[in-house]
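# Structural characterization, general
Residues per chain, in single letters:
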Amino acid sequence: MILQFNHLQRKSAAATSEDVIDALYGLLEEGHIDEAQFARLRIHLDWIQYRRNFREPVMIMRAASEAGEDPSLVDVHIDTRQISPGALRGKLHEAMLRADPEAPRPDGRLVLEDFHSFRASIAWKFNGLYWHHLTDWEKATGRSYEQALPGGKSDANHVDAVADSVADFWTLVKDLESHNQLPTEIFVLEIGVGMGTRSGLWLDRFRLLDEERGTRYYSRLKFLLADYSLATLERSRPAVKAHLDLCSFLVLDALNPIKTLAFLRHKILHIHLTNVYDNLPDEELARRDGRLYLVQVRAYLPIAEADRIAHAFRLAVTEVSRMVGRLLEVGPDCFHERSQGVAFWQDVWKCLRLEERLVPLNEVTHDRLPAGLDARQLADVLRTAPSDLRFHLSSGALESFRNTVPLLHPRGYLQVQDIFISNLNDCRLGFQGPGKLDGSIVNWVNGVLLREVAERAGYDVHFAPFHYRKGSRTSILYTTQRE
Amino acid sequence: MSLSLLPTTVVGSYSMPGWLERLKTEYFARRISRVDLDEIHDTAVKAAIKDQEVAGLDIITDGELRRDNLIDYFVERLPGVQIDRASKKFYYDFYDSVVEGKLPHASLGLVEDFRFLLANTGREAKFCITGPHSLSKRIHNKFYPTEEAFATDIARVLNLELKELVKAGARYIQIDEPYYSGFPEDLVWGVNVLNTLVEGVQAKIGVHICYGNRYGKPSWEGSYRYLLPRIFDAKVHQLTLEFARRGEEDLQLLRELVPHFEVGVGTIDVKTHAVETADIVAERIRKSLKFAPAERLFVLPDCGCFHLPRQVAFAKLCAMVEGTRLVRKELGT
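Residues numbered from 1 in each chain as written. Chains lettered and ligands numbered in written order. Predicted model: local features only at pLDDT ≥ 70, side-chain atom pairs only at ≥ 80, totals over all residues. Heavy atoms only, no water.

## Comments concerning the overall build of chain A
Where we set the bar: Each helix is a run of H or I in the DSSP string that is no shorter than four residues. Each strand is a run of E no shorter than two, and both are numbered from the N terminus. All radius of gyration figures rest on C-alpha atoms, and the globule criterion is 2.2 Å times the number of residues raised to 0.38. The buried label applies to any residue whose accessible area, calculated with a 1.4 Å probe on protein chains only, is under 20% of its type's maximum; exposed applies above 50%, and partly exposed to all values in between. Here the open area of atoms and residues is found with the Shrake-Rupley method and a 1.4 Å probe, where only the protein chains shown may cover a residue.
The helix and strand tally for chain A stands at 15 helices and 21 strands. The C-alpha atoms of chain A give 24 Å as radius of gyration, which agrees with the globular expectation for 483 residues (23 Å, within 12%). The principal-axis extents of the C-alpha atoms in chain A amount to approximately 80 × 55 × 40 Å. A burial count over chain A gives 57% of its 483 residues as buried. Here chain A displays about 20,600 Å² of accessible surface, and carbon together with sulfur accounts for 49% of that area.

Shown next as structure tokens:
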């Protein structure tokens, strides 16, 4: 058996870790695990920092192929934060039963979809639903989504960070002007505008600096506020009301900005995103014994929760799945009363879990990987990574990056403020998602793969810690033109 | 060999196939031999020549598929330049290179490439080299007192190479100087260097000046206005410039340029995969004709097709040829 610690929460997790070992040997002695099964086990001790997530306290993950299940690989993930010592043995026993392909499976799940790559899971439809019906969600919870963030506010709006960003940009503009290369129109793009607070702060600061220096750049600005959600865009307007003459509001898919803004190819001097990449569709790969696996998931509700939801919304439990489908199709109007639809949505989301399995990738073909990343690059990246590893492909983030940089002016730059890992070792030192943030999904972004894709697109990327707030986990990705 | 009115050609490079990129990188990883790579290059060059012929171009190049990028093919051949072969991770990266003494005069061996091209096409052939100004910007100079002195010595070495090319039958040579646009202030001495390079070279000499195409994106922006009037002192026959991507802003400069030079007009945007129609190309040529007579114009893409997928590059060249035919017909030729 391999016991793998995937976190650095020494003190707070130590007791649970001891309980895990006790429970495992107890199950062995009692005959609930046989020796062969024991020898194959890989126990992963995680620490999931997101109080709301998609995991049971104990989760079993088997390898499977089209030919059937492969009993030689069994991963057991234990969330040492969520599990209580009293429940550990029972949960482990149940997990062991699920691990045995010949044992009858314990019931207890209302399955909502087939196994897919995470990217194709209905979990992302819930995520989309959240952004499209944000107002309904916030009305029901009584708090804005920014208030729901850890810490209650976004690092995007840190005044000092914004001031530094403006100063950097002003310096670039000044330099371009000194070389007679400043375009007549100075385009700036903010993707994912939130409440518009950062854009407002940025524009206020830029105007002030411009007036102080007497440079008259402000009037040449074309500031584009872009977001996936029209509702969000509408809410951002008041924050930039003093600058509306130079602002444009664009509904834009962050996965493909160039599709909307092709007319600005090579024209935008500064593009900024905060906490967008961590909310884009994602999927994971795992490497076990030198072999790569795709992590597939399927969404389910624990049957007790499904029963409770059915009862609360006067549905037969067999109707819950159909109603979830309808919710994802038409939104909260799936019920006669919209408020009831929102309540159903929130309840299902709260209880939604993801079952996982590993599917071997016999060949890492291009269609398995995000655009811009090929099998050889991936192999190069993994060459120096820990041998047994589970990592995010961050396919949405990579796709977004690839489809954003063509907008940049030759001297323009992209800044992304987000939660990045910049070393694959970090995958073994903490949980990178998915977690639930209110009604949305959050994943850490694989900065190592992003760097690879960026290099092929002609950009070097650098990560700098967000030093403006102590304890912040965010970093700022900077792009520079690759020579 | 007489050329049609509005002769069509490429700027130099043709589409770099993904499989060739991977094989080049394999070579750097020491997983295939130099002999194998040379054979692969020969095959790829033949295919590039064939594509240009089928597309209907009047003047053919070797597609520059032997080259990793616009710099390294020359840097690794320039005598006296030391390169760090471990500095490349991907074939397209630039070597770290340095010059620590006076450049000796010796052959770069480019003539073999040209002979290969001649042996594989019956059409007019063009050979392209990267100019001394651009090369001097990428090689770390630890010897020469000034950039101009360094670039001038590169020009002297390359001048001998150009003369060898002419002896081998080259009648049309193109010098690529994209870094002019990044360092317009260098043009003051850059034209002197260019004149050193072409002195006594008995061929049609063109100079390609663009705004960069590294990784398929521009490196700089601005107006070709910076070229004037200094460029009029250049002892070359032709300038090839990019206009398709950059729009019509600079087209009127043709009026000032054509008394001094033929102009190769960029009519294909190589920084987008969207394929122009023949009508779009024809319209771009017609707009150029408002400022310059057809007899002084060549028709080209904006820059090399290196970063375009092969099917896109081929389709774009076909559109360029067809668009040119439309205009020729209108002109009665």
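We are not done yet, so read on.
## Description of the packing of helix 10 (residues 303–312) of chain A against helix 12 (residues 338–351) of chain A
All names here are of chain A. Quick reminder of the rule: In this analysis an axis means a line fitted to C-alpha atoms, helices contributing only their contacting stretch, and an angle means the value between N-to-C directions, from 0 to 180 degrees. Our angle categories are set so that under 35 degrees counts as roughly parallel, over 145 as roughly antiparallel, 65 to 115 as roughly perpendicular, and the remainder as oblique. Residues are treated as being in contact if the distance between any of their heavy atoms lies within 4.5 Å. Amino acid classes used here: Ala, Val, Leu, Ile, Met, Phe, Trp, Tyr, Cys and Pro are nonpolar; Asp, Glu, Lys and Arg are charged; the rest, including Gly, are polar.
At a minimum axis separation of 10 Å, helix 10 and helix 12 run at an interaxial angle of 175°. Classified by the interaxial angle, the pair formed by helix 10 and helix 12 is roughly antiparallel. Each of E305, R308 and I309 in helix 10 lies in contact with helix 12, whose residues at this interface are F344, D347, V348, K350 and C351. Classifying every residue of the contact of helix 10 with helix 12 gives four nonpolar, no polar and four charged.

## Focus on the pairing of strand 13 (residues 353–360) of chain A
Residues and elements named next belong to chain A. What counts here: Pairing between strands is defined by DSSP: at least two bridges between them are needed.
Counting buried positions along strand 13 yields seven of eight residues, so the element is predominantly enclosed. With eight bridges joining them, strand 12 (residues 291–302) and strand 13 adopt antiparallel strand pairing. Directly across from L294, in strand 13, lies its bridge partner V359.

## Section: the sheet that holds strand 9 (residues 247–251) of chain A
Residues and elements named next belong to chain A. Across the sheet, which stays open at both edges, the seven strands sit in the order 9-8-7-10-15-21-20 with mixed pairing between neighbours. If you trace the sheet from one side to the other, it starts and ends with strand 9 and strand 20 (459–465), each paired once. This sheet shows a mean twist of 20° between the axes of neighbouring strands, independent of strand direction. The sheet strands contacting helix 15 (residues 447–456) are strand 20 and strand 21 (475–481), and the helix crosses strand 20 at an angle near 150°.

## As for the interface of chain B and chain A
Selection criterion: Note on definitions: salt bridges are taken to be side-chain nitrogens of Lys or Arg within 4 Å of carboxyl oxygens of Asp or Glu. For this analysis, a polar contact is any N or O atom pair within 3.5 Å, provided that within protein one partner can donate a hydrogen and the other can accept it, and provided that sequence-adjacent residues contribute only side-chain to side-chain pairs.
Across the boundary between the two partners, chain B contributes 19 residues, which contact 16 residues of chain A. Along the contact surface separating chain B from chain A lie two salt bridges. Between E26(B) and R376(A) there is a salt bridge whose closest N-O contact spans 2.6 Å. Joining chain B to chain A, the criterion identifies six residue pairs in polar contact (both at pLDDT 80 or more). Tallied by class, the residues present in the side of chain B that touches chain A amount to five nonpolar, three polar and 11 charged.

## Focus: the environment of F314(B)
Residues and elements named next belong to chain B. Along the chain, F314 falls in helix 11 (residues 310–330). Among the residues examined, F314 registers a relative accessible area of 18% and is labelled buried. Separated by 12 residues in sequence, F314 and D302 have C-alpha atoms that sit 15 Å apart. Among residues more than four places away in sequence, those in contact with F314 are Y14, D51, V54 and A55.

## Some thoughts on the pairing of strand 21 of chain A
Sheet analysis places strand 15 (residues 408–418) of chain A next to strand 21 of chain A, joined by four bridges and oriented antiparallel. The residue bridging D418(A) from the neighbouring strand is S475(A), located in strand 21 of chain A.

## Topic: the side chain of N53(A)
All names here are of chain A. Mapping N53 onto the fold places it in the loop between strand 2 (41–46) and strand 3 (58–65). For N53, a relative accessible area of 5% puts it in the buried group. Within polar-contact distance, the side chain of N53 engages the backbone oxygen of Y50 at 2.8 Å. Not counting residues up to four positions away in its chain, the partners in contact with N53 are I48, D79, Q82, L352, R353, P434, G435 and K436.

## Considerations on the sheet that holds strand 3 (residues 96–99) of chain B
All names here are of chain B. Strand order in the open sheet made by the three strands is 2-3-6, with mixed pairing throughout. A strand with exactly one partner marks an edge of an open sheet, and here the two such strands are strand 2 (81–84) and strand 6 (140–141). Note: strand 2 against strand 3, four bridges, orientation antiparallel. Looking at strand 3, one finds that I83 is bridged to S97.

## A word on unusual backbone geometry
Residue P434(A) follows G433(A) across a cis peptide bond; omega there is 10°. Relative to the helices and strands, P434(A) is located in the loop between strand 16 (420–421) and strand 17 (435–437). A cis amide bond links L228(B) with the next residue in sequence, P229(B), at an omega value of 0°. Take P229(B): it is sitting in the loop between strand 8 (204–209) and strand 9 (238–241).

## Focus on helix 6 (residues 159–178) of chain A
All names here are of chain A. Inclusion rule: Expected span of a helix: the number of residues minus one, times 1.5 Å.
Taking 1.5 Å of rise per residue, 20 residues should cover 28 Å, and helix 6 covers 28 Å from first to last C-alpha, within 8% of that figure. By the burial criterion, the buried members of helix 6 are A161, V162, A163, S165, V166, F169, W170, L172, V173 and L176. Lining the buried residues of helix 6 we find strand 7 (186–191), helix 7 (197–213), strand 8 (221–227), strand 10 (268–274) and strand 15. Two residues or fewer after helix 6 comes N180, characterised by a positive phi angle close to 60°.

## Comments concerning the side chain of E452(A)
Within the element layout of this structure, E452(A) appears in helix 15. Taking the relative accessible area as the measure of exposure, E452(A) reaches 8% and is therefore buried. Not counting residues up to four positions away in its chain, the partners in contact with E452(A) are L373(A), Q377(A), V381(A) and K89(B).

## Considerations on the environment of L244(A)
All names here are of chain A. Residue placement: L244 occurs in the loop between helix 8 (230–236) and strand 9. Of the residues examined, L244 reaches a relative accessible area of 31% and is grouped as partly exposed. Note: C-alpha distance between L244 and L221 (23 residues apart in sequence) is 11 Å. Not counting residues up to four positions away in its chain, the partners in contact with L244 are R237 and F249.

## Some thoughts on the pattern of salt bridges
Pairs may arise between side chains of opposite charge once their charged atoms sit close together. All names here are of chain A. Evaluation of the coordinates by the stated rule reveals 58 salt bridges over all chains. E355 serves as the salt-bridge partner of R109, at 3.5 Å between the closest nitrogen and oxygen. On the criterion of sequence distance, the pair formed by R109 in strand 5 (residues 109–111) and E355 in strand 13 is long-range, its members being 246 residues apart. Here the salt bridges share partners, and the residues they tie into one network are E305, R308, D347 and K350.

## Thoughts on the confidence of the model for chain A
For any part of a model where pLDDT is low, the fine detail of the predicted coordinates should not be relied upon. Short version of the rule: Values of pLDDT, the confidence the predictor places in each residue, fall between 0 and 100.
Per-residue pLDDT for chain A averages 90, and the proportion of residues at 70 or more is 96%. Predicted confidence in chain A is weakest over strand 4 (residues 68–79) of chain A, with a mean pLDDT of 78, and strongest over strand 7 of chain A, with 98.

## Description of the nonpolar core
Applicable threshold: For this analysis, a nonpolar core means a set of buried residues of the types Ala, Val, Leu, Ile, Met, Phe, Trp, Tyr and Cys, connected via side-chain atoms within 4.5 Å.
Formed by 111 residues in total, the largest nonpolar core has its most connected members in I209(B), Y224(B) and I231(B). Broken down by element, this core gets its largest block of residues, eight residues, from helix 6 (residues 147–167) of chain B. Once residues within four sequence positions are removed from consideration, I209(B) is found in contact with E177(B), Y180(B), S181(B), Y224(B), Y226(B), L227(B), I231(B), L239(B), T240(B), L241(B) and E242(B). In terms of nonpolar packing, the next biggest core, distinct from the first, is built from 59 residues, L252(A), V405(A), L414(A) and L449(A) among them.

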